[in-house]
Amino acid sequence: QVQLVESGGGLVQAGGSLRLSCAASGRSFSTLIMGWFRQAPGKDREFVALIARTGSPTEYADSVKGRFTISRDNAKNTVYLQMNVLKPEDTAVYYCAADSRPVAALIRREYDYWGRGTQVTVSS
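Residues numbered from 1 in each chain as written. Predicted model: local features only at pLDDT ≥ 70, side-chain atom pairs only at ≥ 80, totals over all residues. Heavy atoms only, no water.

Student: Before we go on, may I ask you to explain the pairing of strand E8 (residues 78-83) in this structure?
Tutor: Consecutive side chains along a regular strand alternate between the two faces of the sheet. Counting buried residues in E8 gives 5 out of 6 residues, a clear majority hidden from the surface. The pairing of strand E3 (residues 18-25) with E8 spans 6 bridges and is antiparallel. Its bridge partner lying in E8, Arg19 is registered against Gln82. The turn joining strand E7 (residues 68-73) and E8, which pair antiparallel and follow one another in sequence, is formed by 4 residues; a positive phi near 55° is taken by Asn77. (Buried < 20%, exposed > 50% of the residue type's maximum accessible area, 1.4 Å probe, protein only. Helix = DSSP H or I, 4+ residues; strand = E, 2+ residues; numbered from the N terminus. Pairing = 2+ DSSP bridges.)

Student: Explain the state of the cysteines to me, please; I cannot follow it from the model alone.
Tutor: One way to say it: the disulfide is the covalent bond shared by the sulfur atoms of two cysteines. Under the definition given, this model contains 1 disulfide. In this model, Cys22 is linked to Cys96 through a disulfide, with the two sulfur atoms separated by 2.1 Å. Measuring the twist about the S-S bond at about -80°, one finds the Cys22-Cys96 disulfide to be left-handed. Here the residue Cys22 occupies a position in strand E3, and Cys96 occupies one in strand E9 (residues 92-99), the gap between them amounting to 74 residues. Considered together, Cys22 and Cys96 belong to a single accessibility category, that of buried residues. (Disulfide = S-S within 2.5 Å.)

Laid out in structure tokens, this is it:
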């Protein structure tokens, strides 16, 4: 099994930046495709970004393209989400996800393993 622990959330003003981290354990990290999702109050969980095993390719939701960057460090078993130019509408709980199945993770964006989430609040 895979355990995922997110960190780095917090309160930031609009226009500011945050970097989220997700530490993985329990399985060889380099076999995992990693993703970030978010869920705002009263809304469904939505896809934010994903990164393949070697760091490429990456994909982003249209709403975050050009502002967010996903990266990974396989030596540290960690995936990151650098979030710049944050907007109030980015306020949500951000979840890290992992899966080893390319079709599920890269195409269907279906993940078997999930962290507990970290809160990001952007004030206007």
